[in-house]
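# Fold and contact review
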Amino acid sequence: MAEDHALPLRVSEIKDPAVLFERYNTEQIRQVERKVRGEIEQKKEELRQMVGERYRDLIDAADTIGEMRQCSESVVQSIQDMHQYCHRLKQGKACVGSSRQESQRQWQEKFYTTASQIKLLLEIPERIWSAMEASHYLQATQLYLLCCHLHSLLQLEAAKGGHYSPVLARFPILVRQVATTGHFRSTILLDSRSLLRGRAVSDQAIAEALVSTMLLEGSSPRQALADFLLARKASIHQLLNQPQHGAGIKAQVCSLVELLVTTLFQAYAVFYLPPEGGPRPGEGALGCGLLFSILENVTSTSPAAKGRRVLQEETSTGSWFNFLPPSITEFQPTLRTLAQPIQREQLRDTLKQWIDTCKEDICRGVGSLLVYVKSLKGLAAIRDAVWDLLSTDSISQHWSTVCQRLLERPLAVWDDFLQQLFLQRLQAITKEETEAISTSSVQLLTSAVRDLEGQTIDTHSGTHLGPSRGAQYEVDVASFLWSESPGDLPSDAGWVSVSQRGQQHQRSSLAMKTQALTPCVQNFCSSMDAKLKARLDDLQHYLPSQDTGKGSDSVSVTVTSSGPTESSSASSFNRFTDSPAVEEALREGCLACVRHILSSIRSELAAASPDPGPARLSSVLFMARLCQSMGELCPNLKHCILGKQSGSDAAVKGTPRQGKKLGKARAATEVSPAQAKWAGLREELLNCSMEAYRIWSSALSKVLLDKFGTVLHAESAGDILTTATNWEDLEIQEEAESGSSVTSNIRLPVQPSWFVQALLFQLCVEVNRVGGHALPRPTLQELLQACLSQALQHYHSITQQARNREGVFPMTQNRALQLLFDLRYLNTTLSSRHEEGKSSRSHQDPRFHEVCDWLESFIDPFDLDVFTPPLNSNLNRLSQRTSVLLGLLTGSEKQFMSRSSTMNSQEPYNILPLASSQIRFGLLPLSMSNVRKSKSASRSSDAAHQLRF
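Residues numbered from 1 in each chain as written. Predicted model: local features only at pLDDT ≥ 70, side-chain atom pairs only at ≥ 80, totals over all residues. Heavy atoms only, no water.

When helices and strands are counted, the chain shows 43 helices and 4 strands. When each of the 949 residues of the chain is scored for burial, the buried share is 42%. Put simply, 76% of the contacts in the chain that link residues at least 6 apart link residues at least 24 apart. (Helix = DSSP H or I, 4+ residues; strand = E, 2+ residues; numbered from the N terminus. Buried < 20%, exposed > 50% of the residue type's maximum accessible area, 1.4 Å probe, protein only. Contact = heavy atoms within 4.5 Å.)

Quick look at the structure:
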C-alpha cells in the first residue's frame, strides 16, 4: 500500500496506455487499474447521491425543457405556416380582382392601426412614470385616461365568459400590460393628494392635482375643495404632532401660520371666481379661478382646445404615429358631471367652517407646544418670526383683499389664533418665575432670621462660634455704623459733583450707613433686586424697545415711534398691543411675591410678639429695616409694578421746574392704577415695618421701665439715699415784714435722680445701638410716649402705695422736691413737641398733674412759692445741658428757649441747630462771649459736679 500511494501517475498517462506500459511494470499497471476502478466506483456513488438529492429538481428542469422544446417547435411551425400562407397569397395575387386588392389594403391598414395602438399602449406606462417623477400629475392622468381609451378600442377587457379578446389571444404580452396599467389610478390619486399637503407648492401644481383627482374620480369642484381643505387640515395635524426640540417650536409655529395663509391664498387662486362684470383671472394683480380654466383647457372640444391634445408632443416621434385613429390623436378627457362653479356663499361658508375647525386644533396644538418655551425671550422670538412672516410683501399686499372676497370679513391670524395663547403662556411663565423669587426670598429670610437668633444667643451666652460679620452687625448696628471699610466712598467721589452722581454713588457703603441699612438687609434686597432685574430684562424682549437716549439703568417701557406704524399694513399686526396685559402680569406677580414675603414676615412677627427675647428682637429689627428699605433698595420692584409710569416719572424728574408746575395739577387728578398699587404696596411695607418697630419699642420700654419701677418703689432709706444726687445752694433775698430785705440760703435739686438718668441714658444707648437716626419718627415718638406713660404709671402707683400701705418710708419735703423735679424732667424730655405746645392742662395726661399735685402737697406752700422759679430755671438749664447727650430723645425740635428769652435768664446758653431733620447728635453748645468768661469759669466746677453720673 505504501507503493500504491507513492506511485506517480498523471492523467495523460492514463489516457495513453502505451506510455503507461512503457513506464511501469505489470504489477504497477494492475495497481493503477485497481486505483482507477476504485475512483470510478466512488464517482458513481457520488453521482447516485447527487441524483437522489436533486431528482425532483431535475424532473422539473426536464419538464421545463420539454415545454420549451414544444413551444419552440410550435413557434417554428407557426412561422412556417405564416410563410406558406404569405407565399400562397403572393401566388394568388395576380388572379385576384380589384375588389380583392381593396379589401387587402383595408385589412393592412387595420392591421397597422392595431399595431400602432399596441405600440402606443406599450409606451404609455413609461411616459406615465416619467410624468409622475416630474410631479406632472395632470399629464399622467391624461395618459392614464388615454390608456383606458385604448383598452376599450382594442377590446382588452375580459369578456363575459371569462375569455380574452382576440388581440390578447394573439399578443399575450398585453395581459401583463393591462394588469400593470390598473395600478396607475390609485398611485396618481395618492401622489396628487400628497401634493395638496405641501406648503411650498405653486398654485398651478395645486390646481392640476385637483383636476387630476376630479378626472379620475369624476368629482365636482365642491368635492375638490373639500379634498383640498381636508389635505391641508391633515398637514396641520402633521405639523402639530412633530417632536419638539427647543428652537424647532418657532419653525413649527411659523410653518402653521404659513400653511394657514397659503391655504387661503391658494383657495382664492384656485376656486374663487369673480362676479359677473368683475375682473377676469389674469387681469388684476391676483389670479383666480385657476381650477376652472385648467378644466376648460383639458376637457374642452372647441377648435382652440384641439391644439392642446394629449399626444401633441408625439406627432414627430415616428411614422407609426400616422396610423393612429383620430379618436386617439385628438383624445380629450371628459368629466362625468358638469363642473359647476362654486357659489360665493358656499365657498365662504366652507372656508369659515374649515377655519373654525383649524382654530381649535391650532389653539390646542400651539398651546401644548408653548409649554416647552421657558422664557419670554423665546416667546418674543416666535412672535417676531410670525410678524416677519406676515409682513412680507407677498402676503401683506393682498391679504385684506383675499379675506374680504373669500370670507367677506378681515381675518387677523395673530389676534384670532395666537395672541391669547402667547399671553396665557407669558402669564404662566411670569407667575412661575415670581413664585420662584418669592420662595427663594422667603427661604433667604428664614435663614437670615435663624442666623440672627443664633448670633444673638451666642452673644448673650458669651460663646463665640465664629458667626458671620453681617449677623453681628444686625445685633449691634452701632458697630456697623462706626466701622470703616474701603468701599465707604466710591473712588471718584472726590471729583464727581452731586448732580452727576448716579445710583452707584447713592448705594455706597457710607450712604447705606447713613440709613442704617445693614449688610443682611442689603444682601437680601440685592438678591431680590437681581432676580427682578432678570425678570425685567426677559420682559423687555416682549415689549417695545427703549429709547436710545435713556440711560443704561433705566428699565422703563415706552412705545417707540415704530410701534404705532406696525399696524399700517393689512396682514401684519401690532406686536405690542398686549403690552399693558404683559406689564399687568408682571405687576400682579411681583405684588403677590412681595405679599407672600410680607405674610412670612408677619408670621415671624406673630411668633415673636408675645414675649420677645433678645434673640427675637434682633430678627424683629432686621425685618423692620427690610420692610422699611425694600422699596428703595429694590428699584426694579418699582419698575416691575409701575411699568411705563417709571419712565414718565424719570422724565418728570429730569425737568424739575416743569415737574413742579405740572405735579400739583396732576397729583389730584391723574393717579394711574399702577401708581395706586405701588402706593398700596409701599403702605403695606410701611405698616409691616411699623408693626415690627412697635414690637421692639414695646419690649424695650417694658424692660427699661421695669428696672425704673423697681428702684422707684424702694422702701428703705438706704435705697432712697443711694439714688440721691447733689443739690445746689442758692442765696435768695426776701422782704421781711418790717420792709427790710433778708438774705437766706436754700437748697434745690439741679439734676434728676440716678435711676432717672440711668433710664434716659440706657434708652438713648439702646436707640443708638439700633441706628436711631434712621428710625421712623412715629416709632421714636411711640417709644418715648410708652416710656413716659409707664413712668407715670409707676409714679401713680407710689401715690396708691403711700395711701394703702403703712410702714413705708415717709414722704419728706426734700424727697417730694426731688421726685417732682424728676417727674417734670421726664415729662419735658420724653414728651413730644406737639404736647409741649399745648397750653391747656386738660390736654396733658391727668396722671401727671395728679402726681404733681400729690407731691406738692408734701411741700410747704410758702416754700413752694419760693422754690418754683429757681426750680424751673434749674430744669430748663438741665434740659439744655443734656440735649447733646440725649439728642435722639429730645430731637431737633426741642429748642427750649429763643435767643431773646435766653438773654434774660440767669445763665444764658447759645444753641446752634445742626439740621432740621432727625440727627444723631442734638444741639451743639457754643462758647460764651469774653464778657462772661469769668463767670463761666467760676461756675465750671459746679457744673462739672452736677453733670456727673
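Another aspect to go through is unusual backbone geometry. Most peptide bonds take the trans form, and the phi angle of most residues other than glycine is negative. We note that Ser135 has phi near 60°; this positive angle belongs to a residue other than glycine. Looking at the element boundaries, Ser135 is found in the loop between α6 (98-133) and α7 (137-154). With phi around 60°, Glu408 is a residue other than glycine that occupies positive phi space. Of note, Glu408 is situated in the loop between α20 (399-407) and α21 (413-461). Taking relative accessible area as the criterion, Glu408 reaches 39% and is therefore assigned partly exposed.

Glancing now at the packing of aromatic side chains. Under the definition given, this model contains 8 aromatic pairs. Note on Trp414 and Phe422: the rings are 4.9 Å apart at their centroids and 55° apart in plane angle, and the pair reads as tilted. Residues Trp414 and Phe422 agree in their burial class; the two are buried. Ring geometry for Phe708 versus Phe755: centroids 5.2 Å apart, planes at 55°, classification tilted. (Phe/Tyr/Trp six-rings, centres within 6.5 Å; stacked < 30°, edge-to-face > 60°.)

As a further point, take the environment of Lys233. Within the element layout of this structure, Lys233 appears in helix α12 (residues 221-240). Judged by relative accessible area, Lys233 falls into the partly exposed class, the value being 24%. On a C-alpha basis, the gap between Lys233 and Cys358 in space is 6.9 Å, while along the polypeptide they are 125 residues apart. In this view, Lys233 contacts Trp354, Thr357 and Asp361; residues no more than four positions away in its chain are not counted.

The next thing to look at is the pairing of strand β1 (residues 727-735). With 9 bridges connecting them, β1 and strand β2 (residues 741-749) associate as antiparallel partners. Counted as the bridge partner of Glu734 is Val742 from β2. Here β1 folds back onto β2, and the loop between the two strands holds 5 residues, one of which, Gly739, carries a positive phi near 100°. (Pairing = 2+ DSSP bridges.)

Below, the discussion takes up the packing of α12 against helix α13 (residues 248-271). Look at α12 against α13: their axes get within 10 Å of each other, and the N-to-C directions meet at 175°. Comparing their axes, α13 and α12 come out roughly antiparallel. Contacts from Pro221, Ala224, Leu225, Phe228, Leu229, Arg232, Ser235, Ile236, Leu239 and Leu240 of α12 reach α13 at Gln252, Ser255, Leu256, Leu259, Thr262, Thr263, Gln266, Ala267 and Phe271. Classifying every residue of the contact of α12 with α13 gives 12 nonpolar, 6 polar and 1 charged. (Axes fitted to C-alpha atoms, helices over the stretch in contact; angles between N-to-C directions. Parallel < 35°, antiparallel > 145°, perpendicular 65-115°, else oblique. Nonpolar A, V, L, I, M, F, W, Y, C, P; charged D, E, K, R; others polar.)

Turning to the state of the cysteines, a few remarks are in order. All chains considered together, the criterion is met by 0 disulfides. The closest cysteine sulfur to the non-disulfide-bonded Cys627 is located on Cys688, 3.7 Å from its own sulfur. Classification of Cys627 by relative accessible area gives buried; the value is 3%. (Disulfide = S-S within 2.5 Å.)

Another aspect to go through is α20. Buried within α20 are the following residues: Trp399, Val402, Cys403, Leu406 and Leu407. For α20, the buried positions fall inside an angular range of 95° around the axis, keeping them on one side. Positive phi shows up at Glu408, right after α20, with a value of about 60°. (Arc of directions from axis to C-beta.)

Among the nonpolar cores identified, the biggest contains 211 residues, and Leu418 and Tyr795 are the most heavily contacted of them. In this structure Leu418 touches Val253, Val257, Ile362, Val366, Val386 and Val413, once residues within four positions along its chain are discounted. Tyr473, Val477, Phe480 and Leu481 belong to the second largest nonpolar core, which has 6 residues in total. (Core = buried A, V, L, I, M, F, W, Y, C linked by side-chain atoms within 4.5 Å.)

Quick look at a nonpolar patch on the surface now. On the surface, a nonpolar cluster with roughly 540 Å² of combined accessible area is contributed by Leu47, Met50, Val51, Tyr55, Leu58 and Ile59. Among the secondary structure elements, those contributing two or more residues to the nonpolar patch are α4 (26-53) and α5 (55-91). Ile59 sits in the partly exposed class, given a relative accessible area of 31%. (Patch = residues over 30% accessible without salt bridge, like charges linked within 9 Å, V, L, I, M, F, W, Y side chains within 5 Å. Areas by Shrake-Rupley, 256 points an atom, 1.4 Å probe, with all protein chains shown as cover. Salt bridge = Lys/Arg side-chain N within 4 Å of Asp/Glu carboxyl O.)

Per-chain confidence: the chain averages 76 in pLDDT, with 73% of residues scoring 70 or above. Within the chain, the element-level pLDDT minimum falls on helix α27 (residues 562-565), averaging 37, and the maximum on α12, averaging 91. Low pLDDT (under 50) marks residues 459-467, which in the prediction has 4 contacts with non-local residues, meaning those over four places away or in another chain. Confidence drops under a pLDDT of 50 for residues 834-842, and excluding neighbours within four residues, the segment shows 8 contacts in the predicted structure. (pLDDT = per-residue confidence, 0-100.)

This structure, assessed with the given rule, holds 24 salt bridges. Across the salt bridge formed by Glu45 and Arg48, the nearest N and O atoms sit 3.4 Å from each other. Here Arg48 and Glu45 lie together in helix α4, a separation of 3 residues that amounts to about one turn. For Arg48, a relative accessible area of 51% gives the class exposed. Salt bridges sharing common partners tie together Glu584, Arg587, Glu588 and Lys677.

This brings us to the environment of Glu360. Along the polypeptide, Glu360 turns up in helix α17 (residues 344-370). A relative accessible area of 52% places Glu360 in the exposed class.

A word on the packing of α7 against helix α10 (residues 184-196). Following both chains from N to C, one finds α7 and α10 inclined at 160°, their axes separated by 10 Å at the closest point. When the interaxial angle is binned, α7 and α10 end up roughly antiparallel. Note on packing geometry: the crossing formed by α7 with α10 is left-handed. Between α7, through Tyr137, Ala140, Thr141 and Tyr144, and α10, the contact on the second element is made entirely by Phe184, Arg185, Ile188, Asp191, Ser192 and Leu195. Looking at side-chain class alone, the contact of α7 with α10 contains 6 nonpolar, 2 polar and 2 charged residues. (Left-handed = near helix turned anticlockwise from the far one by under 90°.)

Okay, the environment of Leu888 next. In this structure, Leu888 sits in helix α41 (residues 887-890). Of the residues examined, Leu888 reaches a relative accessible area of 1% and is grouped as buried. Expressed as a C-alpha distance, the spacing of Leu888 and Val765, which sit 123 residues apart in the sequence, is 9.7 Å.

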